[in-house]
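Here's the letter readout for the chains.
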Amino acid sequence: MPAQVPLTKVETQPGPNRPDVAVVQGFVGSLLMWMGSLGVGWLSLASAELRRNPVIIWLRFEPAGAVLSVLLLALGGMLLIRAWLRLGQRLNGWSDETRPYVLKAIVAWTIPLAAALPLFSRDVFAYIAQGQVMVAKLNPYVDGYSQISNYLQIGADDLWAQSPTPYGPVFLWIEEGIVRITGGHPDTSIILFRVVALIGVALCVYFVPKLAELHSINANRALWLTVANPLFLINFVAAIHNDSLMIGLALAGLYFAATRRPLLGILLITLSVGIKPITLIFLPFVGLMWAGRGASWPRRFLYWFLTAGLSLGMLWIMGMVNTFGFGWVGALSTPGSVWIWYAPIGFMGLVIATLGDAVGLNGWDITNAFNTLARVASLVIIALQIFRGDHSRLVRRLAFAFAAIVLLSPMIQSWYVVWLIPLFAVTGIRDDWQVKFLYFTVAFFMVYAITDQLDIFPYFDLSLMMARQVAAVVALAFALYLVFVDRSTKVLFRKCYRPLEPGQLH
């Protein structure tokens, strides 16, 4: 695919200025998060060995230990954000010599999080329970993991216990394989699921710079915006979401399709779809890449048909092998049946429901209709991006289409946002309101994550609500400090920001 006109103009700036300071600061932040995870990270009831550890006993079952864990987690998470911002400042100019520092930061910040107890999500325990569903020869698209007698001991969230899995056949095989290897032991299973997540991280480390170079975008800055990003690390390493492998495979497939290796690209994207079907959105754009610049409409439709046929054919074969067919299609609504207050559509739906009830109407019926209109709007935007636009901007058009799916949904999770960051980073995030919006987004979701899911022992005076309030105060205060007080970082949030000179970097 021809190179896209760059959206980010890289000016000549002084070279790296003591970036190791930021790398060490981020390592300390990640280390604090690791320590905090021992007290408030998710721990299975079946983890007998860990639960007998005297340090973990004090951190989890004494109020003082729990408070300390909350403080360590909150301070560590916000310190990691500061380190990420400062690393970007210290790598002025983003020359070729900055790549080793970005890679060093990714490794240093990943290691403590990779050793932490699961943070910010219990999904990994659901993966284990779903693996047991597969081992038991049940149909995961029909039978929830409530069919497994010990799922509460595993640590899986009861909220989704009777829901069909929304994952594709590839991830079902991964779940089954890990459970067979470990016998379903939670601690060992978590290690292997983290290895799978780290493979996804490695794919992103490798392919993000390559995609950026295709678009004449600074590859080192794109890597910093994407993989060194704290939001990426907490969701794909600390929380162990399978989205890591999903997006890693999708980016790899996109790169090969863009470099005239469409069959390999379609294979990798199909594997990504086999983890989470959301990346089906990549296929029409890959078809356009395959058709080539200036393709006629008949040629475009031919290559769309070929792309869809190859991908769906592979998925059909997978369905035949696992005997579940396309059962995942009916399960796609599982995570979409809820809403959250900070999602624009979710918030507007709440307002509509409240006003509707106030005037004697069925407010939630109106909200459901509104949510349907939002989904239709997202489909219209996707269609416009597929059928209209410059061929050299195909990946940017894909980014907008993917963003429409995420932003026009009543439910937005922080890892949904991480899906989008690589696509925008490799096609250009300007050093103006665009990167500032990313800074605020990362800070918001870090504060939210720190306060949202904490594994607090329910039988002492420190309640879950109180722990969340402590975490919120600390994290929000640190965020405000970064924006308004810290002389090194507050300049990043000003209307007009220019990179600091070496003498101003501390």
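This is a predicted model, so every value here is computed, not measured.

A word on the overall build of the protein. Assigned secondary structure in the protein consists of 22 helices and zero strands. Taking the principal axes of its C-alpha atoms as reference, the protein extends roughly 70 × 65 × 60 Å. When the 506 residues of the protein are sorted by exposure, 57% land in the buried category. Sequence-distant contacts in the protein: of pairs separated by 6 or more residues, those separated by 24 or more amount to 75%. Only carbon and sulfur atoms are counted for the fraction: they give 67% of the accessible area of the protein, which is about 20,900 Å². Considering the protein, the positive charge centre built from 35 side chains and the negative charge centre built from 25 side chains are found 11 Å apart.

Formed by 159 residues in total, the largest nonpolar core has its most connected members in Trp-84, Trp-109 and Phe-282. Not counting chain neighbours up to four residues away, the residues in contact with Trp-109 comprise Ala-22, Val-23, Gly-26, Phe-27, Ser-30, Leu-80, Ala-83, Trp-84, Leu-87, Ala-228 and Leu-233. Formed by five residues, the second largest nonpolar core is a distinct cluster that contains Leu-38, Leu-43, Leu-59 and Leu-117.

So, about helix α3 (residues 54-61). The α-helix advances 3.6 residues per turn, and as a result positions three or four apart in sequence lie on the same side. Residues of α3 that are buried include every one of Ile-56, Leu-59 and Arg-60, and no others. One side of α3 carries all its buried residues, which in axial view fall inside an arc of 90°. Residues of α3 that are buried sit in contact with α1 (19-40), α2 (48-51) and α4 (63-90). Where α3 begins, one side-chain oxygen reaches toward the backbone nitrogen of Val-55, 2.9 Å away; that side chain belongs to Asn-53.

Here the focus is the packing of aromatic side chains. Aromatic ring pairs are defined here through the distance separating the ring centres and the angle between the ring planes. A full pass over the atoms with the stated rule returns 39 aromatic pairs. Arranged with centres 5.2 Å apart and planes meeting at 35°, the rings of Trp-94 and Trp-224 form a pair that is tilted. One end of the pair, Trp-94, is in the loop between α4 and α5 (99-114); the other, Trp-224, is in helix α10 (residues 219-226), and 130 residues separate them in sequence. Residue Trp-94 is classed as buried on the basis of its relative accessible area of 10%. Owing to a relative accessible area of 2%, Trp-224 belongs among the buried residues under this scheme. A centroid spacing of 5.0 Å and a plane angle of 65° characterise the contact between Trp-290 and Tyr-303, whose relative ring orientation is edge-to-face. Here Trp-290, found in helix α14 (residues 282-291), pairs with Tyr-303, found in helix α15 (residues 297-322); they are 13 residues apart in sequence, far enough to count as distant. Ring pairing ties together the aromatic residues Trp-84, Trp-94, Trp-224, Tyr-439, Phe-440 and Phe-493, which thus form one cluster.

Before going further, it helps to examine a nonpolar patch on the surface. A surface patch of nonpolar side chains, amounting to about 770 Å² of accessible area, comprises Trp-173, Leu-312, Trp-316, Ile-317, Met-320, Val-321, Phe-326 and Val-329. Here the element with the most residues in the nonpolar patch is α15; it accounts for five residues. Mapped onto the fold, Val-321 is located in helix α15. Val-321 sits in the exposed class, given a relative accessible area of 57%.

Another aspect to go through is unusual backbone geometry. A positive phi angle, near 65°, is found at Lys-137, a position not held by glycine. Here Lys-137 lies in the loop between α6 (123-135) and α7 (151-154). On the accessibility criterion, Lys-137 (66% relative accessible area) is exposed. In this structure, Ser-216 is a non-glycine residue whose phi angle is positive, near 60°. Its place among the elements puts Ser-216 in the loop between α9 (186-214) and α10.

Next up on the list: the confidence of the model for the protein. Overall, the prediction assigns the protein a mean pLDDT of 89, with 93% of residues at 70 or greater. Contacts for the low-pLDDT stretch residues 1-14, under 50 throughout, to residues beyond four places or in other chains number 47 contacts. For residues 500-506, every residue scores under 50 in pLDDT, and the model assigns this stretch 16 contacts once sequence neighbours within four places are set aside.

Counting through the fold element by element, Met-411 comes out in the loop between α19 (394-407) and α20 (414-427). A relative accessible area of 9% means that Met-411 is categorised as buried.

Let's shift gears to the environment of Gln-162. One can find Gln-162 in the loop between α7 and α8 (169-182). When its relative accessible area of 69% is taken as the criterion, Gln-162 is described as exposed. In the structure, Gln-162 is positioned 312 residues away from Val-474 in sequence and 36 Å away in space, judged by C-alpha atoms. What Gln-162 contacts, discounting residues up to four positions off in sequence, is Gly-144 and Ser-146.

Turning next to the environment of Ser-121. Along the chain, Ser-121 falls in the loop between α5 and α6. We classify Ser-121 as buried; its relative accessible area is 2%. With 331 residues separating them in the primary sequence, Ser-121 and Asp-452 have C-alpha atoms 9.1 Å apart. The contacts of Ser-121, once residues within four sequence positions are left out, are Trp-42, Ala-239, His-241 and Gln-453. For Ser-121, the side chain forms a polar contact with the main-chain nitrogen of Asp-123, separated by 3.1 Å.

In a regular helix each residue adds 1.5 Å, so 22 residues correspond to 32 Å; helix α22 (residues 464-485) covers 30 Å between its end C-alpha atoms and thus fits that length. Along α22, the positions that sit buried rather than exposed are Ala-467, Ala-471, Val-474, Ala-475, Phe-478, Ala-479, Leu-482 and Val-483. In a view along the axis of α22, the buried residues occupy a sector of 165°, so they form one face of it. Exposed and facing more than 90 degrees away from the buried side of α22 are Met-465, Val-473, Phe-484 and Val-485. Residues of α22 that are buried sit in contact with α4 and α21 (433-452).

Running from amino to carboxyl end, α14 crosses α15 at an angle of 125°, the nearest separation of the two axes being 8 Å. By the criterion of interaxial angle, the relationship of α14 to α15 is oblique. In this structure, α14 meets α15 at a crossing whose hand is right-handed. Contacts from Leu-283, Pro-284, Val-286, Gly-287, Leu-288, Trp-290 and Ala-291 in α14 reach Arg-299, Arg-300, Tyr-303, Trp-304, Leu-306, Thr-307, Leu-310 and Ser-311 in α15. A class-by-class count of the residues in the contact of α14 with α15 yields 10 nonpolar, three polar and two charged.

The rules behind these values
- Residues numbered from 1 in each chain as written.
- Predicted model: local features only at pLDDT ≥ 70, side-chain atom pairs only at ≥ 80, totals over all residues.
- Heavy atoms only, no water.
- Helix = DSSP H or I, 4+ residues; strand = E, 2+ residues; numbered from the N terminus.
- Buried < 20%, exposed > 50% of the residue type's maximum accessible area, 1.4 Å probe, protein only.
- Contact = heavy atoms within 4.5 Å.
- Areas by Shrake-Rupley, 256 points an atom, 1.4 Å probe, with all protein chains shown as cover.
- Lys, Arg positive; Asp, Glu negative; His and termini not counted.
- Charge placed at Lys NZ, Arg CZ, Asp CG, Glu CD.
- Core = buried A, V, L, I, M, F, W, Y, C linked by side-chain atoms within 4.5 Å.
- Arc of directions from axis to C-beta.
- Polar contact = N/O pair within 3.5 Å; in protein donor to acceptor, adjacent residues only side chain to side chain.
- Phe/Tyr/Trp six-rings, centres within 6.5 Å; stacked < 30°, edge-to-face > 60°.
- Patch = residues over 30% accessible without salt bridge, like charges linked within 9 Å, V, L, I, M, F, W, Y side chains within 5 Å.
- Salt bridge = Lys/Arg side-chain N within 4 Å of Asp/Glu carboxyl O.
- pLDDT = per-residue confidence, 0-100.
- Expected span 1.5 Å × (residues − 1).
- Axes fitted to C-alpha atoms, helices over the stretch in contact; angles between N-to-C directions.
- Parallel < 35°, antiparallel > 145°, perpendicular 65-115°, else oblique.
- Left-handed = near helix turned anticlockwise from the far one by under 90°.
- Nonpolar A, V, L, I, M, F, W, Y, C, P; charged D, E, K, R; others polar.

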